[in-house]
Amino acid sequence: MQKALEMAREKRSEHLNKLFEFLRIPSISTETERHPDVRRAAEWLVDQMTAAGLQEARVMETEGLPIVYGEWLEAGPDAPTVLVYGHYDVQPVDPLNLWQSQPFEPEIRGGDIYARGAVDDKGQMFAHIKAVETILASEGRVPVNLKFLFEGEEELGSPSIDAFVEEHAGLLAADSVLVSDTAFLAEGKPMLVYGLRGLTYMEILVDGPHHDLHSGAYGGTVYNPAQVLAEIIAKLHNDDATVAIPGFYDRVRELSETDREAAAQVDYPVTQWQQETGMDKPWGEAGYSLIERRGGRPTCEVNGIWGGYSGEGGKTIIPAHAGAKISMRLVPDQDPDEIAQLFADFIPTIAPEHVRVTVNKLSGGWPSITPIDSPEMKAAAAALQAVWGVPPVFSREGGSIPVISTFQKVLGASAVLMGFGLPGSKMHAPNEHFKEDHYYKAIEAIIHYYHNLAG
Ligand code: BES
Ligand code: MN
Ligand code: MN
């Protein structure tokens, strides 16, 4: 393994240049006009994986954007098989004017790689290609069998990958899954994530008068759609910060002893939360720490809200329409479709009959949780400790990667979430960045991981 680690260090600048090439491809999955770029990214990856020495690498079609598959299976039948998952699509860039450098012209400032996708997830997933390339080039073989599955639709809710995994369950069969698409707890504090929340994403549309009305001529006679929307949103939560949708908590698994012990080990002071958010005062359910609230409890969030006039100065109208995007983060054993139904059933009961209220489901994904005492988790913990010199903390995370639960259900393979981002790295926001040093060390940690797992 020493040879591989040495080579990883020697080739740092080469590895950086290749990542920059990847980051220059604007593979935004949520924007249809960028889909040719998403495809170009997939083809570019196949070339990289072939050059890395994989026995096979190809673009595979789905109902939507393509999946990139690759494999190296020469470790023998007794060695474990690891399925590496990542995503090569990225979020949109707006607001563009807040970027200090162009989102698709990567640049290093202060030891960080700035670009859309630098940390989520291109930089992290590309480290996996460089890790296997380095092992093969230095040692001739990897101590485990490897399969790679890179998705181009994660940022739009993974609409096609479930069917793909079911259809190709034989091809994808593995003992465990390895994913780098999460973050450290803080600088110098590696974290292994053992649970992710699920997601149900809804949209509420309120339609009132057939056009915007003069608020003087009609005010006081019309139930204003923007007001109705505000009233609906206000009724989604109780005063104690719990979600008011009937049945919402019915399937929520209470935090286990292990969960509470793990959460207590995580040093996440309010001051860190204040720094990360720019807020003074935390909000949320009583009886749960910040770590427990974000990883172990379900929520309901307003992502966006619109209606009427919001330009300069005043405009006296009663708007014809108002709307909101609302998502709910879910924990085991909540079912995203069932939650969507509970939401859709609840809204009419709190909406007045004066207006037309439409509820649509936009996307959904299951929550997931994996045991922390598996051999894979131990191998990952040792890998992180070897590279960063401290043992990782174990925590559940608030974000979602929908396909993780599908791997569990269809392949019977649990995921190790060994991510290398940092809390301030601005995932999904302007000036997204990935610590340059973490990119190189990620490659080393992955090299350690495969050797630990085999040994
Ligand atoms: N990498 C994130 C998920 C993530 C972020 C996990 C932070 C843990 C900590 C992923 O790319 C993502 O953004 N997922 C979306 C899923 C959604 C589009 C269905 C999310 O969590 O909002
Ligand atoms: Mn991601
Ligand atoms: Mn993301």
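Residues numbered from 1 in each chain as written. Chains lettered and ligands numbered in written order. Predicted model: local features only at pLDDT ≥ 70, side-chain atom pairs only at ≥ 80, totals over all residues. Heavy atoms only, no water.

The subject of this paragraph is the overall build of the protein. Regarding its fold elements, the protein presents 15 helices and 18 strands. Over its C-alpha trace the protein gives a radius of gyration of 23 Å, about what one expects of a compact globule, namely 23 Å for 455 residues. For the protein, buried positions account for 55% of its 455 residues. Relative to all contacts within the protein whose residues are 6 or more apart in sequence, the contacts with residues 24 or more apart total 80%. By element, 49% of the accessible surface of the protein is carried by carbon and sulfur atoms, the whole surface being about 19,200 Å². Looking at charge distribution, the protein has the averaged site of its 37 positive side-chain charges lying 3 Å from that of its 65 negative ones. (Helix = DSSP H or I, 4+ residues; strand = E, 2+ residues; numbered from the N terminus. Rg over C-alpha atoms; globule rule 2.2 N^0.38 Å. Buried < 20%, exposed > 50% of the residue type's maximum accessible area, 1.4 Å probe, protein only. Contact = heavy atoms within 4.5 Å. Areas by Shrake-Rupley, 256 points an atom, 1.4 Å probe, with all protein chains shown as cover. Lys, Arg positive; Asp, Glu negative; His and termini not counted. Charge placed at Lys NZ, Arg CZ, Asp CG, Glu CD.)

Below, the discussion takes up the site of ligand 1. By nearness alone, 15 residues border ligand 1, and Glu154, Asp181, Arg329, Ser400 and His428 come closest of all. Interatomic distance of 2.8 Å between a side-chain N/O atom of glutamate 154 and an oxygen atom of ligand 1. Here ligand 1, which alone exposes 520 Å², has 87% of that area covered by the protein. (Near = heavy atom within 4 Å. Polar contact = N/O pair within 3.5 Å; in protein donor to acceptor, adjacent residues only side chain to side chain.)

Moving on, we come to the coordination of the manganese ion (ligand 2). The manganese ion (ligand 2) binds to the protein through His87 (NE2), Asp120 (OD), Asp181 (OD) and Asp181 (OD), with metal-donor distances spanning 2.0 to 2.3 Å. Viewed at the metal, the 6 donor atoms of the manganese ion (ligand 2) are separated by angles of 57 to 164 degrees, and the geometry they form is irregular. Between consecutive donors of the manganese ion (ligand 2), the numbers of intervening residues give the motif H-x32-D-x60-D. Separating the manganese ion (ligand 2) from the manganese ion (ligand 3) is a gap of 3.6 Å, which aspartate 120 spans by donating to each of them. A residue pair is termed long-range when its members are at least 10 positions apart, and histidine 87 in strand 3 (residues 81-87) and aspartate 181 in the loop between strand 7 (176-179) and strand 8 (191-196) qualify at 94 residues. One exposure class covers both histidine 87 and aspartate 181, and it is buried. (Donors = N, O, S within 2.8 Å, 3.2 Å for Na, K, Ca; no water. Tetrahedral: all angles 85-135°; square planar, octahedral: opposite > 155°, others 65-115°.)

The strand order across the open sheet formed by 4 strands is 11-13-9-14, and the pairing between neighbours is antiparallel. A single partner strand is all that each edge strand has here, and the edge strands are strand 11 (299-307) and strand 14 (356-365). Ignoring strand direction, the axes of neighbouring strands in this sheet form an average angle of 15 degrees. Bridge analysis of strand 11 against strand 13 (residues 321-330) gives 8 bridges, and the strand direction is antiparallel. In the strand pairing of strand 13, glycine 307 is matched with alanine 322. Sheet strands touched by helix 8 (residues 225-234): strand 9 (198-207), strand 11, strand 13 and strand 14. Its angle to strand 13, the strand with the most contacts, is close to 15 degrees. (Pairing = 2+ DSSP bridges. Axes fitted to C-alpha atoms, helices over the stretch in contact; angles between N-to-C directions.)

Each assigned domain of the protein is listed here: domain 1 (2-196 + 367-454), domain 2 (199-252 + 298-365) and domain 3 (253-297). Once you take the C-alpha centre of each, domain 1 and domain 3 turn out to be 26 Å apart. Across the contact, 14 residues belong to domain 1 and 15 residues belong to domain 3. Together domain 1 and domain 3 conceal approximately 1,100 Å² of surface at their shared face, both sides included; 49% is due to carbon and sulfur atoms. Of all residues in domain 1, the largest losses of buried area upon contact with domain 3 belong to Leu185, Tyr194 and Arg396, amounting jointly to 42% of the total for that side. The interface formed by domain 1 and domain 3 contains 3 salt bridges. We note a salt bridge from arginine 396 to aspartate 259, for which the minimum N-O separation is 3.0 Å. Linking domain 1 to domain 3 there are 5 residue pairs in polar contact (both at pLDDT 80 or more). Among the secondary structure elements, those contributing two or more residues to the side of domain 1 that touches domain 3 are strand 8 and strand 16 (393-397). By residue number, the principal contributor to the side of domain 1 that touches domain 3 is strand 16, which donates 5 residues. (Domains from an automatic or database assignment. Buried area = accessible area lost by both parts, 1.4 Å probe. Salt bridge = Lys/Arg side-chain N within 4 Å of Asp/Glu carboxyl O.)

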